[in-house]
Structures are given as C-alpha cells and as structure tokens.
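Understanding the architecture of this molecule
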Amino acid sequence: MFQKSDLDELFDDLKSSHGETEDYDRLLKQAHLAIALFDARRPLDDEFDPIVVHLVERHRPGG
Amino acid sequence: MPKKVHHVVRRTGTRLEDPIIEIPVAEDIAGVPGIPQIEKDVSFYSREYPLETQNIEKAADREWSWSVYTPEVFEYRELHEKANAPFVKAAAVTGEIEPTVEPVGRDITEDIRRKSYELGFGDVGFTRYDRRYAFASKKRWVKFQGAICVALEQDYAQTQSLPSLEAEYAHFGTYETENKQCLALADFIRSFGYHAQVHSPNDNSAPFLPMFVEAGMGQLGANGQLLSPHFGSRARLAIITTDAPLTYDEPVDYGVHKFCQECLVCADRCPARAIMRDKVWYRGVEKNKLIYDRCRPVMSTYEGCAVCMKVCPIQRYGMKPVMDHWVEMGEVLGKGTDNLEGFSLRDKGYFGPGELPSFDRSLFEFPHGTKDEWLFAQFKDKVEDGDGPTAEETSAFLKELKEILATGTTTVGDE
C-alpha cells in the first residue's frame, strides 16, 4: 500500500514534470484513481494515460 | 463475487460533447430517488420553525471567525469580499429586472441547459423552487417558481490540498466565477422574454442542496454536501429562478444514501469529530447531522478545513469508479489508505488512517447566536457574577447594543 512518503514522491514527480501543462488536472485525477486501484490490488486498464501507469510503477511500494 | 446491480444511472458528462456515463447501483445500496423524507414533517417544520440564514442566525461566530484566521487567509478573504461584492449586490436585484422582449411562448429548458454548459457550469438541473426551504428573511424575496440549479466544479488539484490557503483560493475563486456566470445566464433567460432572479451562493435564499437533489443532480452525502456524479462534493451551487416554461427533472437514486453508511470515511476522519455516524430524522429528512459547534471553530481556524470534502472517495475518484468498485469488490475504494484518508493540519502535522489531532478545549469556546444574543449572554454572565456589572460595563454594553441594532443584519456571506 502506498505510504505518505511514496505519495509525496509520486505527486512531486508529477507536479515537476507536468504541473505547468493543461493536462495536469486530468493526470492528477488519474493518478489518485490509479493509486487507489493499486492499493486495492486491482489492475489498471487501458484507459489510464501511460504517464500515470509509469508513475505508479516507478513509485509503487517495494518497486 | 460481484454484487447484483439493482439499476444503472445514466448521466450526461460535464460538457455537452462528453459521452454518457453509466453508474451501477448495487442491490444492497439501492434506496429511494433523492432522499428519504416525510413530506408532512418537512412542511410542518418549515411553517412553524422556518429556516434562517447562518449569516443572521450565526452572525456572532461568523464575525468571530475573522479573529482566528491566519494573516494570509484574512488578507485573501478581504480581497475576495471586495472582488465579489459587486456581483452579489447585482444578483440581489435581478428579480426586479424586466425582460425587454415579449415571451417566446415555448419551453426553453434545453436552451438554458446548452447555455449553462457553454458558460462553464459542470451540471445543470431543473425543479420547482421549494419554498419550504426558503430562509425566513428571504421568503418574500423569492419571486418565481421555476428553479434552475447550476453547479460549478472547483479546481481538482487545489481541492486535494485541503486544508490550505491554496484550497481557499479554489473555494472562494469558484464563487467569484459562479456569480458572474449566473448573471450572464439570467441575461440569457431574459432574452427569451422571461424574468430571471439570481440566488447568489454568497447570499443564499435557502439551503440549495435539497433542490439539487430534487433535480437529480446528486444526493446528500454523510458529510452534509451534495455528492454529484461528476465531481462529488467538489462543486459550488447556485440557483436562478424564473417564470419561463421549464420541464422539471426527477430525483435520482445513485445509491449514495446507503453507500455513505458503508463508507463513513468523512465521519472517521473529521478532525473536529463533527459528523454523526448514525443517521437521524431532522426536520423531516433522514441524514447524518453535522454538529455545528464542533465544526465551526476547526473550520475557521484551519484554513476552511473541509477534510470531509477531501476524503470523500466520490470527490476524490469520481462516482463511477467508486460504484464500479463497490459492485465488483464489495469494498469502499480508497478506504483505509493514506492516499484517501491522510491529511495535514497546520502546526499539527500529518494524520494517516486511524490518527486524529487533538485540540485544546479553548478552541471550542466561541460566540454563539446572533450578535445581540451573544452580547446579552456575556452581559448576563456579568450580572450573575458576584457584584454584577460596573457602571462602565453597563454603559459599554448599551453602546455596543446600539451599534449592533444600528448596523442591522445582513444575509450576505457564505452559507
């Protein structure tokens, strides 16, 4: 399960890479949902942006 | 094993071009469309104990709130009030404005719906203005029967930073935008030859939420907020009433009423412990009643708090993913995780699932009632205390009472 430190790193990463883009809100929403699904041990479907999938992969606990 | 689906709610998106979203409502959380209520009780309480705006009824603590803001919040609130005031004033007299053309003589519901989305509202619904909810001070102000309910989503990223000054920018900034959009929508309605009265979200004529529920735009959450299928509680609400011919929407059962009892993350995470876990019947409606006296001081002191909004899974993830997950897994999406439940409070630190801050008892000692009621209460304490008030204290009391009476009351403010 994502702990606070994992979450801080993931969201800092997202903000520094996409915080100034028009996509930020959409990506942030998706990131929150992707984390929730990961924490619930469920797969991410094709509708998730690859940016979000990579973020979760990079910062996931024990990853 | 997936749960059995009782029904599927189909709603348009937040823009005209968006696809329809389909929300499954599991059999175990299916309830009634809208909210369980006893009509005769709602009518009785409305008639015998009409509601009043908190801007009057709770004026003492509203004024006190400014004394516990951080300097940054104080400064921003002053700027907001100044920027917003002209629009709130303009809204107050919109009911007097006559249309300049003859009525087109047809139902203009769809014209208004399209225009609402064009203006940027994320959802719009139509219902009869329910005068039973009108504030005592506003009952005569409301002129027209058709109610157009408009919801404006506030910024997602800023909202997730709650409680913070940044989130307050989203909160109050959304009101500023919404007031302008409502005035524009009212102009649009008048161009069809009908009257349009703007009920500003900063000078409410009533609690708007019951009418949004009646218009099928969501259901009342355990956190006391409208849970919209599109943005959960992350929206600011306003109403425009009109004499234009409209087709009213119907209330919807999104499963929220029972789902909230399965979730209760807002009640568990409320720093002030202000949300009741059990539903009660209040003024003819079944709801999780909020305890104002616990909520208010924490909300005022900690940048608007609103942890109950932040930790609502429907706000955070959207209603469809949450209801999909409930059907497929029988779990509340995000419950028990740091991602959903974690929050930080200034000077208190971070609180993960199962952790809550503690507060000094003095935080909850604040003025109650109207300003004159509070003044009388303080003076009564002096009368009862030993030798009674001094001549100077009595004189000061009378001076302050005169000032309060001369100033009068205002309905303007955030509800």
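Quick summary incoming for the structure in this document. This structure is a prediction, so every number in the text was calculated from the model and none was measured.

Thresholds applied
Residues numbered from 1 in each chain as written. Chains lettered and ligands numbered in written order. Predicted model: local features only at pLDDT ≥ 70, side-chain atom pairs only at ≥ 80, totals over all residues. Heavy atoms only, no water. Helix = DSSP H or I, 4+ residues; strand = E, 2+ residues; numbered from the N terminus. Rg over C-alpha atoms; globule rule 2.2 N^0.38 Å. Buried < 20%, exposed > 50% of the residue type's maximum accessible area, 1.4 Å probe, protein only. Contact = heavy atoms within 4.5 Å. Areas by Shrake-Rupley, 256 points an atom, 1.4 Å probe, with all protein chains shown as cover. Lys, Arg positive; Asp, Glu negative; His and termini not counted. Charge placed at Lys NZ, Arg CZ, Asp CG, Glu CD. Axes fitted to C-alpha atoms, helices over the stretch in contact; angles between N-to-C directions. Parallel < 35°, antiparallel > 145°, perpendicular 65-115°, else oblique. Nonpolar A, V, L, I, M, F, W, Y, C, P; charged D, E, K, R; others polar. Buried area = accessible area lost by both parts, 1.4 Å probe. Salt bridge = Lys/Arg side-chain N within 4 Å of Asp/Glu carboxyl O. Core = buried A, V, L, I, M, F, W, Y, C linked by side-chain atoms within 4.5 Å. Phe/Tyr/Trp six-rings, centres within 6.5 Å; stacked < 30°, edge-to-face > 60°. Lys NZ or Arg CZ within 6 Å of the ring centre and 35° of its normal. Patch = residues over 30% accessible without salt bridge, like charges linked within 9 Å, V, L, I, M, F, W, Y side chains within 5 Å. Polar contact = N/O pair within 3.5 Å; in protein donor to acceptor, adjacent residues only side chain to side chain.

Regarding the overall build of chain A
Scanning chain A from terminus to terminus reveals three helices and zero strands. Ordered by position in the sequence, the α and β elements of chain A form the string α-α-α. In terms of overall size, chain A behaves like a compact globule, its C-alpha atoms giving a radius of gyration of 11 Å where 63 residues would be expected to give roughly 11 Å. Reported as C-alpha extents along the three principal axes, the dimensions of chain A are approximately 30 × 25 × 15 Å. A burial count over chain A gives 43% of its 63 residues as buried. The contacts in chain A between residues at least 6 apart in sequence include a share of 45% that link residues at least 24 apart. Only carbon and sulfur atoms are counted for the fraction: they give 47% of the accessible area of chain A, which is about 3700 Å². Positive and negative side-chain charges in chain A, numbering 8 and 15 respectively, have mean positions lying 5 Å apart.

Some thoughts on the packing of helix H4 (residues 71-92) of chain B against helix H7 (residues 165-190) of chain B
All names here are of chain B. It is at 9 Å that the axes of H4 and H7 come closest, and there the two elements cross at 10°. Regarding the angle of H4 to H7, the classification is roughly parallel. Contacts between H4 and H7 involve Glu72, Val73, Tyr76, Arg77, His80, Ala83, Asn84, Phe87, Val88, Ala90 and Ala91 on the former and, on the latter, Leu165, Glu168, Tyr169, Phe172, Gly173, Tyr175, Glu176, Asn179, Lys180 and Leu183. Taken together, the residues of the contact of H4 with H7 break down into twelve nonpolar, four polar and five charged.

Some points on the interface of chain B and chain A
With 19 residues of chain B in contact, the opposing surface of chain A contributes 19 residues. Of the roughly 1500 Å² buried between chain B and chain A on both sides combined, carbon and sulfur atoms contribute 62%. When the area that chain B buries against chain A is broken down by residue, the three leading residues are Tyr156, Asp338 and Asn339 of chain B, summing to 34%. Our count for the contact surface shared by chain B and chain A stands at three salt bridges.

Re the nonpolar core
Judged by nonpolar contacts, the single largest core of 65 residues is most densely connected at Leu10 of chain A together with Phe259, Val298 and Ile314 of chain B. Examining the composition of this core, we find that nine residues originate from one element, helix H2 (residues 24-39) of chain A, more than from any other. When near neighbours in sequence (up to four residues on either side) are disregarded, valine 298 of chain B contacts Pro271, Ala272, Cys305, Phe359, Leu363 and Phe364 of chain B.

What about the packing of aromatic side chains?
All names here are of chain B. Applying the stated criterion to the full structure yields 17 aromatic pairs over all chains. Ring geometry for phenylalanine 44 and tyrosine 49: centres 6.2 Å apart, planes at 70°, overall edge-to-face. Phenylalanine 44 sits in the partly exposed class, given a relative accessible area of 35%. Between the aromatic rings of phenylalanine 359 and phenylalanine 364, the centroid separation amounts to 6.2 Å while the plane-to-plane angle is 80°, which identifies the pairing as edge-to-face. Overall, phenylalanine 359 belongs to the buried group, its relative accessible area being 18%. Each member of the aromatic cluster is reached from another via a ring pair, and the members are Tyr76, Tyr169, Phe172 and Tyr175. One cation-aromatic arrangement involves lysine 289 over tyrosine 282; the distance from NZ or CZ to the ring centre is 4.5 Å.

A short note on a negative patch on the surface
Residues and elements named next belong to chain B. A cluster of acidic residues, Asp381, Glu384, Asp385 and Asp387, forms a negative patch on the protein surface. Looking at where glutamate 384 falls in the secondary structure, it is placed in helix H16 (residues 371-384). Since its relative accessible area comes to 57%, glutamate 384 is described here as exposed.

Here we look at the side chain of asparagine 179 of chain B
All names here are of chain B. Here asparagine 179 is to be found in helix H7. A residue is classified by how much of its surface remains accessible, and asparagine 179, at 1% relative accessible area, is buried. Separated by 2.8 Å, the side chains of asparagine 179 and serine 200 make a polar contact. Excluding its chain neighbours within four sequence positions, the residues that come into contact with asparagine 179 are Asn84, Phe87, Val88, Ser200, Pro201 and Asn202.

Here we look at the pattern of salt bridges
What the rule picks out here adds up to 34 salt bridges over all chains. One continuous salt-bridge network, built from bridges that share partners, spans Asp23, Arg26 and Asp49 of chain A.

Observations concerning the environment of serine 300 of chain B
Residues and elements named next belong to chain B. Mapping serine 300 onto the fold places it in helix H11 (residues 292-301). Accessibility expressed as a relative area gives 4% for serine 300, which makes it buried. In the structure, serine 300 is positioned 227 residues away from valine 73 in sequence and 9.8 Å away in space, judged by C-alpha atoms. With near-sequence residues (within four places) excluded, serine 300 lies in contact with Trp64, Ser65, Val68 and Tyr69.

The quantities given are spatial measurements derived from coordinates; they are silent on function.
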